[in-house]
Amino acid sequence: MPQLSSLVQGYEGLILDLDGCLWVGGRPVPGAAQAVDAWKAAGRRVVFLTNDPRSAPEEVVRKLWSHGVKASQDEVVTSGVVMQEYLGERFDGCDAVVVGSEAMVRHVRLAGLRVIADQSLVPSADVVVLAGYPEVNYTDLTWAVRAAYEGATLVATGRDRIVPSDDGVIPGTGGIVAYVEYCSGAEAVAVGKPGPDAWRIARERLGVDGAVLAVGDRLDSDIGGAAAAGIDGALVLTGVSSREMAEGWDGARPVAIADDLALLILG
Ligand SMILES: [Mg+2]
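Residues numbered from 1 in each chain as written. Predicted model: local features only at pLDDT ≥ 70, side-chain atom pairs only at ≥ 80, totals over all residues.

Draft legend 1. Region of interest: the overall build of the chain. Across its full length, the chain carries 10 helices and 15 strands. Radius of gyration (C-alpha) of the chain: 19 Å, near the 18 Å computed for a compact globule of 267 residues. The dimensions of the chain, computed from C-alpha atoms along their principal axes, are 60 × 35 × 35 Å. Burial statistics for the chain: of 267 residues in total, 48% are counted as buried. (Helix = DSSP H or I, 4+ residues; strand = E, 2+ residues; numbered from the N terminus. Rg over C-alpha atoms; globule rule 2.2 N^0.38 Å. Buried ≥ 20, exposed ≤ 12 C-beta atoms within 10 Å, placed from the backbone.)

This is the structure in structure tokens:
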């Protein structure tokens, strides 16, 4: 059985962020896949929790396998999965305007909502779902603003300002949320990290009774969000937040800081 580091030895479950931990854009983080394998070989559980609202869980599973991580779909919680659970609990049978990818439209339908495709129905929408995707256009934004202005509830996958990509940063869902809030005067609920819903659902998926550790590369959404949900957080330095940022950080402290995932899990 692989030897786990003393930092993680006491935890039964891992809630692991993807971008900045396992890969950065399209580039794998060296040793990260082997570290996840070792964790699972030691009989521990893992759930991958990502704020990426564009990809379907099965696409994330494919990407994990292409990076050498043998993951199954029940181990993947995207902000689309969180959105589906959130809407299913509150808006079953309602009418939705969706700004988002094909994958997000499917999540909304699976939650039991009708997705509006006819302009005349937009003012009577019950809920507007906001989830950043590359093809977002003026019609999307107009429908979202119009429905929210007429009183529909605004629900977003997150408020991330930027997202890393191979060519540099791209705008995150937060920009779309700000646009629709500003124009409509409505205020959105964000269900992804750092909010409590994402952590609750990830924790339920883990299904362990013992201690859980969240691992991420962002002090605010990963470490801060986990702490607010009562979960220990460990910071890896392969993504957004640096050691200097962690030292000057006045929010919740990470229980561990490691140069990368392999050093955190295997020492
Ligand atoms: Mg990240």
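Back to the write-up after that little detour.
Draft legend 2. The arrangement of the sheet that holds strand 13 (residues 212-216) in detail. In space, the six strands of this open sheet follow the order 5-4-1-13-14-15, with parallel pairing throughout. Edge positions in the open sheet fall to strand 5 (76-78) and strand 15 (256-258), since each of these has one partner strand only. Averaged over all pairs of adjacent strands, the angle between strand axes in this sheet comes to 20°, irrespective of strand direction. Bridge count between strand 1 (residues 13-16) and strand 4 (residues 45-50): four bridges; the pairing is parallel. The residue of strand 4 that forms the bridge with G13 is R45. On the sheet, helix 7 (residues 196-206) packs against strand 1, strand 4, strand 5 and strand 13 and is oriented at approximately 155° with respect to strand 4. (Pairing = 2+ DSSP bridges. Axes fitted to C-alpha atoms, helices over the stretch in contact; angles between N-to-C directions. Contact = placed C-beta atoms within 7 Å.)

Draft legend 3. Helix 7, seen in detail. Where helix 7 is concerned, the buried positions are A198, W199, A202, R203, R205 and L206. Buried residues along helix 7 cover an arc of 160° about the axis, so they all sit on one side. Its buried side turned inward, helix 7 meets strand 1, strand 4, strand 5, helix 3 (79-90), strand 13 and helix 8 (219-228). With its phi angle positive at about 65°, G207 sits one or two positions after the end of helix 7. (Arc of directions from axis to C-beta.)

Draft legend 4. A look at the pairing of strand 8 (residues 127-130). Taking every second residue as pointing to the same face, both faces of strand 8 are buried, with V127 and V129 on one and V128 and L130 on the other. By the bridge criterion, four bridges tie strand 6 (residues 95-99) to strand 8 in an arrangement that is parallel. Paired with V99 across the two strands is L130, which belongs to strand 8. For the segment spanning strand 8, helix 5 (residues 138-149) and strand 9 (residues 153-156), crossover handedness is right-handed. (Right-handed = clockwise from strand over helix to strand, strands pointing away.)

Draft legend 5. Representation of the domain arrangement of the chain in the model. Each domain of the chain was delimited in the assignment, giving domain 1 (13-51 + 193-266) and domain 2 (90-190). On a C-alpha basis, the centres of domain 1 and domain 2 stand 27 Å from each other. Partitioned by chemical class, the residues of the side of domain 1 that touches domain 2 number one nonpolar, four polar and two charged. (Domains from an automatic or database assignment. Nonpolar A, V, L, I, M, F, W, Y, C, P; charged D, E, K, R; others polar.)

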